[in-house]
Amino acid sequence: MRFEELGTDGLRDLIEGTADGIMVVDAEGVVRYGNPSAREMFNRRDLEGTPFGIPLLEGDTTEIEVPAPGGGTRIFELRVARAHLDRSEVFLVSLHDLTERRQAEEDRERARAEAEAAARTRSALLNMVAHEFRTPLTVIGGYLSMIADGSLGPVPDAWQEVVEKVNEKSEELKVMIEEVLLAARLEAGRLESESERLDLRDVVRAAIKRATGRGQLLRAQIRIELPPEPLPAEADAAQVGIILDNLVNNALTYSMPAEPALDVCAERDGDRARITVTDRGIGIAPEQQAAIFERFRRVSDGGGRPGTGLGLAIAKDLARLNGGDLSLEWSRPGAGSRFLLELPVLRAE
Ligand code: ADP
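Residues numbered from 1 in each chain as written. Predicted model: local features only at pLDDT ≥ 70, side-chain atom pairs only at ≥ 80, totals over all residues. Heavy atoms only, no water.

(A) Geometry of the nonpolar core. Core analysis: the biggest nonpolar cluster contains 49 residues, and Leu200, Val240, Leu244, Leu326, Phe339 and Leu341 have the highest contact counts within it. Here Leu244 is in contact with Val203, Val204, Ala207, Ile275 and Leu341, once residues within four sequence places are set aside. Formed by 17 residues, the second largest nonpolar core is a distinct cluster that contains Met23, Val25, Leu47 and Leu95. (Core = buried A, V, L, I, M, F, W, Y, C linked by side-chain atoms within 4.5 Å. Buried < 20%, exposed > 50% of the residue type's maximum accessible area, 1.4 Å probe, protein only. Contact = heavy atoms within 4.5 Å.)

(B) Highlighting the sheet that holds strand β3 (residues 61-67). Read across the sheet, five strands follow the order β2-β1-β5-β4-β3 without closing on themselves; strand pairing throughout is antiparallel. At either margin of the open sheet sits one strand with a lone partner, and together these are β2 (31-34) and β3. Taken over all neighbouring pairs, the strand axes of this sheet differ in orientation by 30° on average, direction set aside. Across the sheet, helix α3 (residues 99-148) is in contact with β3, β4 (73-85) and β5 (88-97); its angle to β4 comes to roughly 140°. (Pairing = 2+ DSSP bridges. Helix = DSSP H or I, 4+ residues; strand = E, 2+ residues; numbered from the N terminus. Axes fitted to C-alpha atoms, helices over the stretch in contact; angles between N-to-C directions.)

(C) Representation of the environment of Arg122. Mapped onto the fold, Arg122 is located in helix α3. Judged by relative accessible area, which is 40%, Arg122 ranks as partly exposed.

(D) The arrangement of a nonpolar patch on the surface in detail. Nonpolar side chains collect at one region of the surface, where Leu125, Met128, Val129 and Phe133 lie side by side and expose about 370 Å² of accessible area between them. Position of Phe133 relative to the elements: it lies in helix α3. A relative accessible area of 48% places Phe133 in the partly exposed class. (Patch = residues over 30% accessible without salt bridge, like charges linked within 9 Å, V, L, I, M, F, W, Y side chains within 5 Å. Areas by Shrake-Rupley, 256 points an atom, 1.4 Å probe, with all protein chains shown as cover. Salt bridge = Lys/Arg side-chain N within 4 Å of Asp/Glu carboxyl O.)

(E) Looking closely at the packing of helix α4 (residues 157-187) against helix α7 (residues 311-321). Packing of α4 against α7 brings their axes to within 10 Å, and their N-to-C directions diverge by 45°. In terms of axis orientation, α4 runs oblique to α7. The two elements α4 and α7 meet at a crossing, and its hand is left-handed. Where α4 abuts α7, its residues Glu179, Leu182, Ala183 and Leu186 lie against Gly311, Ile314, Asp317, Leu318 and Leu321. Split into classes, the residues belonging to the contact of α4 with α7 amount to six nonpolar, one polar and two charged. (Parallel < 35°, antiparallel > 145°, perpendicular 65-115°, else oblique. Left-handed = near helix turned anticlockwise from the far one by under 90°. Nonpolar A, V, L, I, M, F, W, Y, C, P; charged D, E, K, R; others polar.)

(F) Molecular detail of the sheet that holds strand β10 (residues 272-279). The strand order β7-β9-β10-β12-β11 describes an open sheet built from five strands, whose pairing is mixed. Sheet topology places β7 (221-225) and β11 (325-332) at the edges, where each strand pairs with a single neighbour. The sheet shows a mean angle of 15° between the axes of neighbouring strands, taken without regard to direction. Pairing geometry for β10 and strand β12 (residues 336-344), over eight bridges, is antiparallel. Within β12, the position partnered with Ala273 by the bridge is Leu343. The strands touched by helix α5 (residues 200-217) within the sheet are β7, β9 (261-269), β10 and β12, with β7 carrying the most contacts at an inclination of about 175°.

(G) Summary view of the pattern of salt bridges. Applying the stated criterion across every chain, the model contains 28 salt bridges. The closest approach of N and O atoms between Glu40 and Arg74, which form a salt bridge, is 3.2 Å. One end of the pair, Glu40, is in helix α2 (residues 36-42); the other, Arg74, is in strand β4, with 34 residues separating them in the sequence. What makes Glu40 partly exposed here is its relative accessible area of 46%.

(H) Spatial organisation of the pairing of β2. Sheet topology note: the strand β1 (residues 21-26)/β2 ladder contains three bridges and is antiparallel. Bridging across to β2, Met23 finds its partner in Gly34. Hairpin geometry of β1 and β2 is characterised by an intervening segment of four residues between the two adjacent antiparallel strands and by a positive phi of about 85° at Gly29.

(I) Structural context of the site of the ligand. Near the ligand, the surroundings consist of 20 residues, among which Asn250, Asp279, Arg298, Ser300 and Leu312 are the closest. With respect to the ligand, the backbone of Gly309 contributes an N or O atom lying 3.0 Å from an oxygen atom. In the model, a nitrogen atom of the ligand is placed 3.5 Å from a nitrogen or oxygen of the Ser337 side chain. Burial of the ligand by the protein amounts to 98% of the accessible area it has alone, namely 530 Å². Going through the elements one at a time, α6 (237-253), α7 and β12 are the ones with two or more residues in the shell around the ligand. Class assignment for the residues of the shell around the ligand results in eight nonpolar, eight polar and four charged. (Near = heavy atom within 4 Å. Polar contact = N/O pair within 3.5 Å; in protein donor to acceptor, adjacent residues only side chain to side chain.)

(J) Focus on the packing of aromatic side chains. Inspection of the entire model under this criterion finds three aromatic pairs. With 6.3 Å between their ring centres and 75° between their planes, Phe42 and Phe52 make a pair best called edge-to-face. With Phe42 in helix α2 and Phe52 in the loop between α2 and β3, this pair connects stretches of sequence that are 10 residues apart. Phe52 matches Phe42 in its accessibility class, with the two residues each being buried. The structure contains a cluster of three or more aromatic residues connected by ring pairs, namely Phe42, Phe52 and Phe76. Stacked on the ring of Phe293, the Lys or Arg Lys316 has its end atom at 4.6 Å from the ring centre. (Phe/Tyr/Trp six-rings, centres within 6.5 Å; stacked < 30°, edge-to-face > 60°. Lys NZ or Arg CZ within 6 Å of the ring centre and 35° of its normal.)

The structure is reproduced here in structure tokens:
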């Protein structure tokens, strides 16, 4: 339909029916016309003949706050244009209600700030608790090793097993506390990488070496496949080590009760290194795969093994901190899993 076809009635319906407020204000600042939406916005039965009360500047877009009938305020966007009516110059004012949008923005902002504050409190709390636990545990560990090495006299045979068990449990507790501390530091953004030039093959070899003791206890077979040429990278060796320890330890844990069979491979793929840890363990059900990288999330407890559910969350954060990423490449219940650690590698010299 063309504009000329609207007719006077059509034009009136258009102006009176629109959700935006439309007003005509004369050069003296007196309202000459206000459509129903404008009347509703200012909560006035009629506006005509009243002073508009807000300085008008052509081409201006301003926001005004108007008291709402039930308390609070409403926010309108106000636009001004100049027009001629009956040969006199007037201002055409249009008002658009922004109250709901502003409210939604404020709600979102408040929710974000609250979530941030909650995360800060949580990481401060975790940090404090873990620190407090660390000290007595160190003391316990000290006495335990004094018992174990005979400094406090010969250990009765009947005690041997108990001492070993207590030692093992205190080690588990120590690992968990260190995990909580690390997670708290990562969450607070207080962990940085100390990058150095390294060959990722050495980092993989070192991790396998650290896992040998536990691997032997579990009668695990760990196969390792590394390229003949170096995988040079700028990364934090300790942090990459933590990632690998996590993957290898999980692969051992979640293979039980069977004897674990692991494949640890590293290869270059363009400017990235692909390091995979594959097991033939219990696997992860498809519907649970998305959750395993969440903090404190444990899908299976590995047959009663204590854990914080933080390991993979930490490992992924550390991978990203070092410019890479960590993902679950595949997993099938009963068949096993493969985790993929990608890290940037430097060009070979
Ligand atoms: P934790 O081992 O302390 O429970 P993680 O963050 O390391 O925490 O792992 C989270 C969950 O992911 C584990 O509870 C386990 O259910 C699952 N998971 C991790 N690695 C494997 C794996 N190799 N095979 C099967 N499940 C795994």
